[in-house]
Amino acid sequence: MWAGNAWRAALFGVPRGCRAQSALAQLRGILEGELEGIRGAGTWKSERVITSRQGPHIHVDGVSGGPGTVIFPGPSLPHLSCCIHLLSFTSGILNFCANNYLGLSSHPKVIQAGLQALEEFGAGLSSVRFICGTQSIHKNLEAKIALFHQREDAILYPSCFDANAGLFEALLTPEDAVLSDELNHASIIDGIRLCKAHKYRYRHLDMADLEAKLQEAQKHRLRLVATDGAFSMDGDIAPLQEICRLASRYGALVFVDECHATGFLGPTGRGTDELLGVMDQVTIINSTLGKALGGASGGYTTGPEPLVSLLRQRARPYLFSNSLPPAVVGCASKALDLLMESNTIVQSMAAKTQRFRSKMEAAGFTVSGASHPICPVMLGDARLASRMADDMLKRGIFVIGFSYPVVPKGKARIRVQISAVHSEEDIDRCVEAFVEVGRLHGALP
């Protein structure tokens with residue numbers, strides 16, 4: 001053994017074990033340098049630990065607040081409950097940064113549906129869909145999604161990130177072209193990177209630039225315009241009427257990611273295509289079950305039946321990922337049922353969103369976007385956004401500062417998200433805390 005080690009030392013300079021340790025030390029040094037750079041830039045993202053269910057009022061580890069009571073789902077939303085549930089707690093932390101737009105993530109009927117699915121269909125399938133991972137509840141939910149969006153068919157994925165990762169590569173070839181808004185979600189950007197189509201990026205919401213790109217792309221077989229319906233960082237909405245008009249003029253298809261629209265935009269919550277009256281002109285919709293529709297997990301593509309059939313054959317995230325757990329499917333299915341029974345909860349969103357936006361702007365803050373429950377409070381400086389968010393938590397308001405690389409440099413913000421189950425008192429308390437903290441940090445005079 002000694003002779004072998006001596007031979008290696010003579011040949012390579014150091015024994016194999018020492019070389020491995022040296023490589024690990026080098027890796028640690030590189031990683032620590034990267035991490036220190038993030039800390040130094042003021043863009044370090046800490047994870048706060050929630051010790052309760054998701055909802056408008058939560059418990060946060062290490063943070064105390066005043067006592068309170070949640071009336072859930074509340075007398076203003078009678079169609080969602082057969083009784084009123086009173087949840088008493090001692091934390092009193094108001095949550096204003098979840099995607100729980102309809103407040104269904106802890107709804108008793110949604111939870112019960114998940115428990116029933118868990119009991120009847122088990123914890124999971126231990127398999128992908130095409131082997132032995134498809135249950136009747138998966139097929140039923142896909143049919144319900146297609147019905148909800150008024151499309152021919154739908155296919156489930158573990159997440160909408162997976163749906164976006166699977167779509168473009170399976171659909172588009174080197175003969176085709178995809179035209180993408182420059183501020184599309186990271187999952188759309190990554191999905192487009194995976195495909196071999198020609199890639200065009202148009203300026204955010206700039207229809208003149210999109211038209212120029214469509215003219216340039218006329219030489220390709222298929223042309224697909226890809227956009228978020230509602231942009232998650234800025235709270236603005238894609239001009240789908242104009243996008244669809246240009247797509248029709250230049251023979252293109254339209255794809256819309258509806259993650260921040262499904263369930264609450266439009267008269268019945270179908271999304272931005274319903275809101276803007278172009279449901280019959282949008283070809284493909286991707287969206288999520290992990291926000292308004294129960295808040296657990298899962299995503300989907302809905303559109304023409306041949307496209308969905310092709311995705312079942314070729315979409316890699318579908319073919320190589322386990323099926324959605326039955327409990328998740330059960331929760332999402334019940335959330336869709338509740339939404340399709342009545343649009344009362346959808347209508348309640350607009351007034352609450354307007355209340356927050358108008359009060360914040362009157363106080364002197366700049367709130368990006370318009371008429372969307374995503375309300376980005378623009379601050380510019382990453383450290384300021386982080387410190388203000390920390391001080392908001394001390395005052396019982398859970399919000400998060402967003403900075404590079406999640407948003408462009410110099411455009412840091414605190415993104416506030418309104419839920420249908422926030423009360424007017426909740427909203428007013430949030431605004432009061434913003435004013436106090438804003439003055440403390442010089443963000444307000």
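This section reports on the structure supplied with the text. Since the structure is predicted, the reported quantities are computational estimates derived from the model, not experimental observations. Along each chain, the written sequence defines residue order, and numbers are assigned to residues from 1. Only residues with pLDDT of 70 or above have their local features reported here, since the model is predicted, and side-chain atom pairs are shown and tallied only from 80 upward, although totals for entire chains, interfaces and linings are computed over all residues. Processing note: side-chain calculations cover all non-hydrogen atoms of the structure and skip hydrogens and water entirely.

This brings us to a nonpolar patch on the surface. Candidate patch residues must exceed 30% relative accessible area and have no salt bridge, after which like charges are joined if within 9 Å and Val, Leu, Ile, Met, Phe, Trp or Tyr side chains if within 5 Å. In this description, accessible areas are obtained by the Shrake-Rupley approach with a 1.4 Å probe, and a residue is regarded as covered only by the protein chains that are shown. We define a salt bridge as a side-chain nitrogen of Lys or Arg found within 4 Å of a carboxyl oxygen belonging to Asp or Glu. A surface patch of nonpolar side chains, amounting to about 250 Å² of accessible area, comprises L24, L27 and L31. Along the chain, the position of L24 falls in helix α2 (residues 16–40). According to the relative accessible area criterion, L24 is partly exposed, its value standing at 35%. Note on conventions: DSSP H or I runs of at least 4 residues are helices, E runs of at least 2 residues are strands, and numbering of each starts at the N terminus. Between buried and exposed lies partly exposed: a residue is buried under 20% and exposed over 50% of the maximum accessible area for its type, with that area taken using a 1.4 Å probe on protein chains only.

With that settled, consider the layout of surface pockets. Think of a 1 Å grid over the protein atoms and nothing else: a 1.4 Å probe that fits but is trapped marks a cavity, an open set flanked by protein within 12 Å on at least five of seven lines marks a pocket, and residues with an atom within 4 Å of a point count as lining. Grid points are joined across faces, edges and corners, and a volume is the space filled by probe spheres set on the points. Approximately 1,300 Å³ is the volume attributed to the largest pocket. Lining the largest pocket are 44 residues, and of these M233, F402, S403, V406 and R415 lie nearest its centre. At the level of secondary structure, the elements contributing two or more residues to the lining of the largest pocket comprise α7 (186–194), α15 (382–394), β14 (400–402) and β15 (412–417). Here the element with the most residues in the lining of the largest pocket is α15; it accounts for 5 residues.

As a further point, take helix α3 (residues 108–121). Here α3 is 14 residues long and its end C-alpha atoms lie 20 Å apart, about the 20 Å a rise of 1.5 Å per residue gives. Residues V110, A113, G114 and A117 constitute the buried set of α3. The buried residues of α3 occupy an angular sector of 100° when the element is viewed end-on, so they sit on one face. Any two residues whose heavy atoms approach within 4.5 Å are treated as being in contact. The secondary structure elements touched by the buried residues of α3 are α13 (326–341). To estimate how far a helix should extend, the number of its residues minus one is multiplied by 1.5 Å. Here, the arc refers to the directions that run from the helix axis to the C-beta atoms.

Before going further, it helps to examine the side chain of H138. Its place among the elements puts H138 in helix α5 (residues 136–149). You can call H138 buried: its relative accessible area is 0%. Every residue in contact with H138, bar those within four places of it in the chain, is listed here: L125, R129, G133, L156, S323, L324 and V329.

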